[in-house]
Amino acid sequence: MPRLSEVIAALDALWPPERAEQWDAVGTVCGDPDAEVTRVLFAVDPLQEVADEALELGADLVVTHHPLYLRGTTTVSAGTFKGKVVHTLIKHDIALHVAHTNADTADPGVSDALAGALDLRVTGPLVPDPTDPAGRRGLGRICALDHPETLAEFAERVAKRLPATATGIRVAGDPEQVIRTVAVSGGSGDSLFAQVRAAGVDAFVTADLRHHPVSEARETSPLALVDAAHWATEWPWCEQAAAQLDAISDRHGWGLRTHVSHTVTDPWTAHAASSAISTTGAPN
């Protein structure tokens, strides 16, 4: 069986930590470099539910997309929810490793996994990494549909192919608009509107879209918007990442067992439909 240090070296080769944004907090949070690893659990969020799942599974390593301590801390007291996660993991010899913005821009990265889940053909990065001579790395992806769809049909595709969440998806645009090309970005994407407009695509799939950026985007271009839950747009990466580690394990003869958490850690738990809107736009 490989040691934790060997597995982490393999993960760092997939998602080099030096490619993370300066504000990010990636890498190994806890774990003994000399400990053996037999099972690995992939998840989006390092929450207590995921730590408990790892314990029940008998995992030696949890790999999450979101950092546990993004802005630093002065305590790991078990009286705090993040401290309790750390205590649970250390007490049971479970390591935690984070790949965040370094996984976003990787080849393949988070947005490749999102495009794959939606059965879209990737044609290139939305925001290319200037250090990549192959032109494959970068933030977001530009994609094409094999056959044109209306926005209503495409939105239905997104709703069916992403993991179910309480909030589902929101759509901005004419339901009959024809969609041929799409930009995708897992996680929060409204900072990318300028690049999406420059790409000339018909629609943009991302998460956490806010009122004012969306309003301005709709007023300045015919771009259709499909807003899904943050967790749902990043969960497909867990399956992609597990498959990547499986391939590495096979090459090295490690015999690792990888698992993907299906625990829904999206914080929204319910959705109540609004009352009907009149044709004037004022509530009935």
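(A) Highlighting the overall build of the protein. Looking only at helices and strands, one finds nine helices and 11 strands in the protein. At 20 Å, the protein has a C-alpha radius of gyration in line with the 19 Å of a compact globule built from 284 residues. Relative to its full complement of 284 residues, the protein shows a buried share of 48%. Across the protein, the fraction of contacts at a sequence separation of at least 24, relative to all contacts at a separation of at least 6, is 66%. About 13900 Å² of surface is accessible on the protein, with carbon and sulfur atoms providing 52% of the total. Side chains of the protein give 21 positive and 38 negative charges; the mean places of these two sets differ by 2 Å.

(B) Structural detail: the side chain of Thr258. Tracing the sequence through the fold places Thr258 in strand β11 (residues 257-260). Owing to a relative accessible area of 18%, Thr258 belongs among the buried residues under this scheme. When near neighbours in sequence (up to four residues on either side) are disregarded, Thr258 contacts Val40, Phe42, Ala242, Leu245 and Asp246.

(C) Structural detail: the environment of Ser249. Mapping Ser249 onto the fold places it in helix α9 (residues 230-252). Taking the C-alpha atoms as reference, Ser249 lies 9.8 Å from Met1; in sequence the two are 248 residues apart. Ignoring sequence-local partners within four residues, the contact set of Ser249 consists of Trp254, Gly255 and Leu256.

(D) Representation of the packing of helix α1 (residues 4-14) against α9 in the model. Interaxial distance between α1 and α9 falls to 11 Å at its minimum, and their mutual angle equals 125°. Regarding the angle of α1 to α9, the classification is oblique. Crossing angle aside, the handedness with which α1 passes α9 is right-handed. Note on element contacts: α9 touches α1 through Gln244, Leu245 and Ile248, opposite Val7, Ala10, Leu11 and Leu14. For the contact of α1 with α9, a count of residues per class yields six nonpolar, one polar and no charged.

(E) View of the sheet that holds β11. Read across the open sheet, the five strands follow the order β1-β4-β3-β2-β11; overall the sheet is mixed. Of all strands in the sheet, those with a lone pairing partner are β1 (27-30) and β11, marking the two edges. When the angles between neighbouring strand axes are averaged without regard to direction, this sheet yields 25°.

(F) Region of the structure containing the nonpolar core. Trp15 and Trp237 are the most contacted members of the largest nonpolar core, which has 49 residues in total. Broken down by element, the residue count for this core peaks at nine residues, all from α9. Ignoring sequence-local partners within four residues, the contact set of Trp15 consists of Phe42, Val63, Ala99, Asn102, Ala103, Ala106, Trp237, Ala241 and Gln244.

(G) Highlighting α1. All of the buried residues in α1 are Leu4, Val7, Ile8, Ala10 and Leu11. Seen end-on, α1 carries its buried residues on one side only, within an arc spanning 160°. Considering only its buried residues, α1 is in contact with β1, β3 (61-64), β4 (95-98) and α9.

(H) Region of the structure containing the state of the cysteines. Counted under the stated rule, the structure contains zero disulfides. Left without a disulfide partner, Cys30 is nearest to the cysteine sulfur of Cys238, which lies 17 Å away. Relative accessible area serves as the criterion here: at 8%, Cys30 is assigned to the buried category. Take Cys143: it sits in no disulfide, and the sulfur closest to it among the cysteines is that of Cys238, at 19 Å.

(I) Spatial organisation of the sheet that holds strand β7 (residues 170-172). Spatial strand order, β5-β6-β8-β9-β10-β7: six strands in an open sheet with mixed pairing. Taken across any chain shown, the strands that pair with only one partner, and hence form the sheet edges, are β5 (121-128) and β7. Pairs of neighbouring strands in the sheet enclose a mean axial angle of 25°, with direction left out of account. Examined bridge by bridge, strand β6 (residues 138-150) and strand β8 (residues 178-188) share six bridges and lie antiparallel to one another. Bridging across to β8, Ala144 finds its partner in Thr181. Set on the sheet, α9 makes contact with β8, β9 (203-207) and β10 (224-228); between it and β8 the angle comes to about 90°.

(J) Seen up close, the pairing of β10. Summarising burial for β10: five of the five residues are buried, a large majority. The alternating pattern of β10 places Ala224, Val226 and Ala228 and Leu225 and Asp227 on opposite faces, both of which are buried. Both β7 and β10 contribute to a ladder of three bridges, which runs antiparallel. Looking at β10, one finds that Arg170 is bridged to Asp227. Relative to β10, β9 runs parallel, the two being bridged by five bridges. Paired with Ala207 across the strands is Ala228, a residue of β10. In this fold, β9 hands off to helix α8 (residues 211-220), which returns the chain to β10; that crossover is right-handed.

Each value, and the rule that gives it
Residues numbered from 1 in each chain as written. Predicted model: local features only at pLDDT ≥ 70, side-chain atom pairs only at ≥ 80, totals over all residues. Heavy atoms only, no water. Helix = DSSP H or I, 4+ residues; strand = E, 2+ residues; numbered from the N terminus. Rg over C-alpha atoms; globule rule 2.2 N^0.38 Å. Buried < 20%, exposed > 50% of the residue type's maximum accessible area, 1.4 Å probe, protein only. Contact = heavy atoms within 4.5 Å. Areas by Shrake-Rupley, 256 points an atom, 1.4 Å probe, with all protein chains shown as cover. Lys, Arg positive; Asp, Glu negative; His and termini not counted. Charge placed at Lys NZ, Arg CZ, Asp CG, Glu CD. Axes fitted to C-alpha atoms, helices over the stretch in contact; angles between N-to-C directions. Parallel < 35°, antiparallel > 145°, perpendicular 65-115°, else oblique. Left-handed = near helix turned anticlockwise from the far one by under 90°. Nonpolar A, V, L, I, M, F, W, Y, C, P; charged D, E, K, R; others polar. Pairing = 2+ DSSP bridges. Core = buried A, V, L, I, M, F, W, Y, C linked by side-chain atoms within 4.5 Å. Arc of directions from axis to C-beta. Disulfide = S-S within 2.5 Å. Right-handed = clockwise from strand over helix to strand, strands pointing away.

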